[in-house]
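If you want the building blocks of each chain, they are given just below.
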Amino acid sequence: MEFREYMEGYDRSFDQKEFDDRLWEAMQDDDFEFGEDFEYFLREYGISDTHEFLKTIRMRKRFM
């Protein structure tokens, strides 16, 4: 799965939870790669601290 295509149409500034949930789903795919392209994607949405962002959504998913 190409996560950029999967995330097309989702805007974090409009609905942060929906964006984060959809991104989490994409990250669970067997073909997902955590690399520069993913980090650049997050920076495009204003997420500069990738590790802190991922830690936050992992914690949220754990307690749901």
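Here the structure is shown first, and the text comes after it.
As a starting point, this report considers the structure included with it.

**What to know about the packing of helix α2 (residues 16–27) against helix α4 (residues 50–62)**
Moving on, step 1. Axis separation between α2 and α4 bottoms out at 11 Å; the angle between their running directions is 90°. The angle between α2 and α4 falls in the class roughly perpendicular. For the pair α2 and α4, contact is made by K17, D20, D21, L23, W24 and M27 and by F53, L54, I57, R58, R60 and K61, respectively.

**Concerning the side chain of T50**
Moving on, step 1. Here T50 is to be found in helix α4.
Moving on, step 2. With relative accessibility at 3%, the residue T50 sits in the buried group.
Moving on, step 3. If near-sequence neighbours (up to four positions away) are discounted, T50 is found in contact with F34, E39 and L42.

Cut-off values and rules
Residues numbered from 1 in each chain as written. Predicted model: local features only at pLDDT ≥ 70, side-chain atom pairs only at ≥ 80, totals over all residues. Heavy atoms only, no water. Axes fitted to C-alpha atoms, helices over the stretch in contact; angles between N-to-C directions. Helix = DSSP H or I, 4+ residues; strand = E, 2+ residues; numbered from the N terminus. Parallel < 35°, antiparallel > 145°, perpendicular 65-115°, else oblique. Contact = heavy atoms within 4.5 Å. Buried < 20%, exposed > 50% of the residue type's maximum accessible area, 1.4 Å probe, protein only.

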